[in-house]
Amino acid sequence: MATLLELGGKRRRDVRALLDHSVRLHPLSCKHLAGSDADAGAVAATLRKLGAPPTCFVVSADSDLDGRELPLGDALNAIIAKGNGAFVSCIPGRLGFYEYEDMKSSYLLSR
C-alpha cells in the first residue's frame, strides 16, 4: 500500500500543507516538549540518547527543507521556532520529532 507521500506531487503538497497545523498525534507515542527542552540542542541530545543516527529525513511545509536528508542538528536548527510545520524522521516508524507553526508546538515521537 502506498503512503500519501508516495502518491504524487499533488498529494505530497496536501500532506505538507497539513503539517503547518496541529496534526492528531497518538497520545502514547508523543511527548510535548516545552521551554528549554524544546530548543534544537536539547531536542537533538534527547533524540541521540534514544538512538537517533547522525542524519534524518525531513518532511516539511517549507519546500527548501522538504524531502531532504540532513544532519540531525542542522535539520532541527532549520525547523524549530521557524513557524513552518515539519516532521523529522530519525528511525522510520520508531523515533522522530514534529513541530507545527504555532509556538510551543514541539513533540518528541517514539514507539
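These lines cover the structure that appears in this document, whether it is placed above or below. (Residues numbered from 1 in each chain as written. Predicted model: local features only at pLDDT ≥ 70, side-chain atom pairs only at ≥ 80, totals over all residues. Heavy atoms only, no water.)

**So, helix α2 (residues 40–49)**
- Listed as buried for α2 are Ala40, Val43, Ala44 and Leu47. For α2, the buried positions fall inside an angular range of 100° around the axis, keeping them on one side.
- Buried residues in α2 make contact with β1 (30–33), α3 (72–79), β4 (86–91), β5 (95–99) and β6 (106–110).
- Among the residues of α2, the N-terminal cap falls to Asp39, whose side-chain oxygen and the backbone nitrogen of Gly41 are separated by 3.1 Å. (Buried < 20%, exposed > 50% of the residue type's maximum accessible area, 1.4 Å probe, protein only. Helix = DSSP H or I, 4+ residues; strand = E, 2+ residues; numbered from the N terminus. Arc of directions from axis to C-beta. Contact = heavy atoms within 4.5 Å. Polar contact = N/O pair within 3.5 Å; in protein donor to acceptor, adjacent residues only side chain to side chain.)

**Comments concerning the side chain of Ser89**
- Inspection of the secondary structure puts Ser89 in strand β4.
- On the accessibility criterion, Ser89 (13% relative accessible area) is buried.
- Ignoring anything within four residues of it in the chain, the contact list for Ser89 reads Cys56, Phe57 and Leu95.

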